[in-house]
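# Working through the structure, step by step
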Amino acid sequence: VFRIGSVVPVSFVGFLYTSFGVLFPRLVRSPNPAAQEEGIGWVGRVVGWSTGICFAALALLGPDVVRVLLGRDSPTAYHILWIVSAALAVDVSYHGVVQVLFARGLQGRLAKYTWIELATNLVATAVFVALLGPIGSALALALTILVTDIVGFPIIMRTRPARHRHGKPRLVMWGSPAGRFVVLHGVVQTAISAALM
């Protein structure tokens, strides 16, 4: 039931990430960090508007999608589809900033972030599935995204790296508070466009 409810939103996110991967080299080709961030911000806004519309449409058509995939109605699968769509619509907005950090060689900063995300998801999944069944798994995903993206990501990104001992500056993490940047260049657009649907 969880697979039926989650397969379409997860596949759509995979398509978005692949599309972004095609554009990404052009977005970060400038050696100027401010120009890179401007390009990521522009794409983030465009992706935010489009993901809000697409995920809201998917949620509205959820009963039909479930019926096609499962061959019958399943309110549980529909609720899973709705929860997973909402959670992934928010998560997509963070992809651009994370990819720039990899391009700048700062992936080490995300190592703690990955472990926090994994631990949160495992604990939340075990607890919520035991309490709520398949819907619990979707709620665990939503909680994980809330904790890691909305709370954890800004905390991890709030400090800039210090200078090397030899006096050479390290690469800039992000020119402005990264959490606020993602909210203003993706999350807000996603929420508005989904609400308008």
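Turning next to the nonpolar core. Counting 22 residues, the largest nonpolar core has Ile40, Val97, Phe153, Met157, Trp174 and Val182 as its most contacted members. Listed by contribution, the elements that provide at least two residues to this core are α1 (2-27), α2 (33-60), α5 (95-103), α7 (134-157) and α8 (178-196). With sequence-adjacent residues up to four places away left out, Val97 is seen in contact with Ile40, Phe153, Met157, Trp174, Phe181 and Val182.

A few words on the environment of Phe153. In this structure, Phe153 sits in helix α7. On the accessibility criterion, Phe153 (0% relative accessible area) is buried. In the structure, Phe153 is positioned 149 residues away from Ile4 in sequence and 30 Å away in space, judged by C-alpha atoms. Other than its neighbours up to four places away in sequence, Phe153 contacts Tyr94, Val97, Val98, Tyr113, Thr148, Ala178, Gly179 and Val182.

Attention now goes to the packing of α2 against helix α4 (residues 75-92). Running from amino to carboxyl end, α2 crosses α4 at an angle of 180 degrees, the nearest separation of the two axes being 9 Å. In terms of axis orientation, α2 runs roughly antiparallel to α4. Contacts between α2 and α4 pair Val47, Thr51, Phe55, Leu58 and Ala59 from the former with Tyr78, Leu81, Trp82, Ser85, Leu88, Ala89 and Val92 from the latter.

In this section: the packing of aromatic side chains. Within this structure, the stated rule accounts for two aromatic pairs. Consider the rings of Phe12 and Phe55, whose centres lie 5.1 Å apart with planes at 80 degrees: the pair is edge-to-face. Linking Phe12 in helix α1 with Phe55 in helix α2, this pair joins segments that are 43 residues apart in sequence. The interplanar angle of 85 degrees and the centroid separation of 5.2 Å between the aromatic rings of Tyr94 and Phe153 together place this pair among those described as edge-to-face. A residue pair is termed long-range when its members are at least 10 positions apart, and Tyr94 in the loop between α4 and α5 and Phe153 in helix α7 qualify at 59 residues.

Another aspect to go through is α1. The terminal C-alpha atoms of α1, which comprises 26 residues, lie 36 Å apart, in line with the 38 Å expected from a rise of 1.5 Å per residue. Where α1 bends most, the angle comes to about 30 degrees, and this point is Gly21, followed within four residues by the proline Pro25. Listing the buried residues of α1 in full gives Ile4, Gly5, Ser6, Pro9, Val13, Leu16, Phe20, Phe24 and Leu27. On the buried face of α1, the contacting elements are α2, α3 (62-70), α4 and α5.

The next thing to look at is the pattern of salt bridges. Under the definition given, this model contains two salt bridges. Two residues, Arg67 and Asp73, come together in a salt bridge whose shortest N-O distance is 2.6 Å. Arg67 sits in the partly exposed class, given a relative accessible area of 36%.

Calculation rules
- Residues numbered from 1 in each chain as written.
- Predicted model: local features only at pLDDT ≥ 70, side-chain atom pairs only at ≥ 80, totals over all residues.
- Heavy atoms only, no water.
- Core = buried A, V, L, I, M, F, W, Y, C linked by side-chain atoms within 4.5 Å.
- Buried < 20%, exposed > 50% of the residue type's maximum accessible area, 1.4 Å probe, protein only.
- Helix = DSSP H or I, 4+ residues; strand = E, 2+ residues; numbered from the N terminus.
- Contact = heavy atoms within 4.5 Å.
- Axes fitted to C-alpha atoms, helices over the stretch in contact; angles between N-to-C directions.
- Parallel < 35°, antiparallel > 145°, perpendicular 65-115°, else oblique.
- Phe/Tyr/Trp six-rings, centres within 6.5 Å; stacked < 30°, edge-to-face > 60°.
- Expected span 1.5 Å × (residues − 1).
- Bend = angle between axes of the 7 residues up to and from the residue.
- Salt bridge = Lys/Arg side-chain N within 4 Å of Asp/Glu carboxyl O.

Such coordinate-based values are descriptive only and should not be taken to indicate function.
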